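Listed below, chain by chain, are the residues.
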Amino acid sequence: MSGKFEMYQDKAGKYRYRLKAGNGEIIAVGEAYNSKAACQNGIDSVKRNAPTAEVKEVPGETQKR
């Protein structure tokens, strides 16, 4: 089973998405969007950019520069 994006409206009426792995585990969540179309654009952006995205470690809150 492959992963899937789920789009939904939260209690405040904003649109959000979550990405679920094939086993049903939530592996990513999106921000709140004002419209369904904007949320779909966010999903499309993840699909477009994630395959080639660099993984970069950043300092945590306790490791401030």
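Scroll up for the structure.
Residues numbered from 1 in each chain as written. Predicted model: local features only at pLDDT ≥ 70, side-chain atom pairs only at ≥ 80, totals over all residues. Heavy atoms only, no water.

Colleague: I'm lost on the side chain of D10 in this one. Help?
Modeller: Summarising the element assignment, D10 is placed in the loop between β1 (4-9) and β2 (15-20). Overall, the relative accessible area of 19% leaves D10 in the buried class. Within polar-contact distance, the side chain of D10 engages the backbone nitrogen of A12 at 3.0 Å. Polar contacts involving the side chain of D10 include one to the side chain of R16, which spans 2.8 Å. (Helix = DSSP H or I, 4+ residues; strand = E, 2+ residues; numbered from the N terminus. Buried < 20%, exposed > 50% of the residue type's maximum accessible area, 1.4 Å probe, protein only. Polar contact = N/O pair within 3.5 Å; in protein donor to acceptor, adjacent residues only side chain to side chain.)

Colleague: Would you explain the pattern of salt bridges in this entry?
Modeller: Side-chain pairs of opposite charge can arise whenever the charged atoms involved come near each other. Summed over the entire model, instances satisfying the criterion amount to four salt bridges. Where K20 meets E6, a salt bridge forms, and the shortest distance between an N and an O atom there is 3.5 Å. Linking K20 in strand β2 with E6 in strand β1, this pair joins segments that are 14 residues apart in sequence. As far as burial versus exposure is concerned, K20 and E6 are alike and both buried. Salt bridges sharing common partners tie together K4, E6, R18 and K20. (Salt bridge = Lys/Arg side-chain N within 4 Å of Asp/Glu carboxyl O.)

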